[in-house]
Amino acid sequence: MEHRQPLDHVARIQADWHRERPDVDVSPQGVIGRLHRLAGRLTEELRLVYGRYGLGEGEFDVLCALRRAGEPYERAPGELAAHTMVTTGAMTKRIDRLERAGLVTRRRSGDDQRGRIVALTTPGRELIDRAFTEHMHNERRLLDLLTPAEAESFETLLTTWLARLEHPRTPDAE
């Protein structure tokens, strides 16, 4: 006899919709709804680490983008926005908070007096190195809820899906 898992939150919603609107295919909710819930739960778990270092998700993102730049750990604000996928307006607020905390500095660009450069301070680099190390341990803990084979399959599926969503093929390209 097959052992069935109890209905999860998404399955209960699907059952309700199936009862109320049997004419609508609600099967996409099985994937999209669970991914949405998973993303929310993962974000909660990741923010716990950021908070231990006095950082929000945005500040963590900016410090990581600067650290990944390599010596001398600096980028222009527009470059930071591109590397963190946020608007330049939101980037300015993040940089302001990090500068007040002494984690970054801003200076005029040498070749363009209108431009600015944002750089990690030594305390900023030390903080992000510690925070990033703990962040990676946290991500490992979360991923270890899957077997290595499940994680590898999931990564492959997500990579494929994201590529198709971000770079849709036009009918002419085929």
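Note that the structure is a prediction, hence the values are computed from the model and not measured.

### Focus: the overall build of the protein
- For the protein, the count of helices and strands is 7 helices and 3 strands.
- Overall, the protein shows an N-to-C arrangement of helices and strands of α-α-α-β-α-α-β-β-α-α.
- Here the protein has a C-alpha radius of gyration of 22 Å; the compact-globule value for 174 residues is 16 Å, and the former is much larger.
- With the principal axes as the frame, the protein shows a C-alpha extent of 70 × 45 × 30 Å.
- Taking all 174 residues of the protein together, 25% fall into the buried category.

### Examining the sheet that holds strand 3 (residues 116–120)
- In spatial order, the strands read 1-3-2; together these 3 strands make up an open sheet with antiparallel pairing. The open sheet terminates on both sides in strands that have one partner only, identified here as strand 1 (74–75) and strand 2 (104–108).
- With 2 bridges joining them, strand 1 and strand 3 adopt antiparallel strand pairing. Note on strand 3: the bridge partner recorded for E74 is A119.
- Helix 3 (residues 57–68) rests against strand 1, strand 2 and strand 3 of the sheet, and its axis sits at about 90° to strand 3.

### Let's talk about the side chain of N138
- With respect to the helices and strands, N138 occurs in helix 6 (residues 122–143).
- Ignoring anything within four residues of it in the chain, the contact list for N138 reads E45, L46 and V49.

### A look at the pattern of salt bridges
- One pass over the full model with this rule turns up 16 salt bridges.
- In this structure, D96 engages R106 in a salt bridge whose closest nitrogen and oxygen atoms are separated by 2.3 Å. Residue D96 is found in helix 5 (residues 88–100), and its partner R106 is found in strand 2; the two are separated by 10 residues along the sequence.
- By relative accessible area, which is 26% here, R106 ends up partly exposed.
- In this structure, E99 and R106 form a salt bridge, with 2.8 Å as the shortest nitrogen-oxygen distance.
- Salt bridges sharing common partners tie together D16, R19 and E20.

### Remarks on a nonpolar patch on the surface
- A cluster of nonpolar side chains, V31, I32, L38, L42, L143, L146, F154, L158, W161 and L165, forms an exposed patch at the surface whose accessible area comes to about 820 Å².
- Elements with a contribution of two residues or more to the nonpolar patch: helix 2 (28–52) and helix 7 (148–166).
- Structurally, the position occupied by F154 is in helix 7.

### Quick word on the nonpolar core
- One finds L55, L63, L80 and V104 to be the most contacted residues of the largest nonpolar core, which totals 25 residues.
- With 6 residues, helix 3 is the largest single contributor of residues to this core.
- In this structure, V104 is in contact with L63, L66, I95, L98, E99, V118, A119, L120 and T121, ignoring residues within four places of it in sequence.

### A word on the environment of E166
- Along the chain, the position of E166 falls in helix 7.
- Once the C-alpha coordinates of E166 and V10 are considered, the two residues, 156 residues apart in sequence, prove to be 26 Å apart.

Calculation rules
Residues numbered from 1 in each chain as written. Predicted model: local features only at pLDDT ≥ 70, side-chain atom pairs only at ≥ 80, totals over all residues. Heavy atoms only, no water. Helix = DSSP H or I, 4+ residues; strand = E, 2+ residues; numbered from the N terminus. Rg over C-alpha atoms; globule rule 2.2 N^0.38 Å. Buried < 20%, exposed > 50% of the residue type's maximum accessible area, 1.4 Å probe, protein only. Pairing = 2+ DSSP bridges. Contact = heavy atoms within 4.5 Å. Axes fitted to C-alpha atoms, helices over the stretch in contact; angles between N-to-C directions. Salt bridge = Lys/Arg side-chain N within 4 Å of Asp/Glu carboxyl O. Patch = residues over 30% accessible without salt bridge, like charges linked within 9 Å, V, L, I, M, F, W, Y side chains within 5 Å. Areas by Shrake-Rupley, 256 points an atom, 1.4 Å probe, with all protein chains shown as cover. Core = buried A, V, L, I, M, F, W, Y, C linked by side-chain atoms within 4.5 Å.

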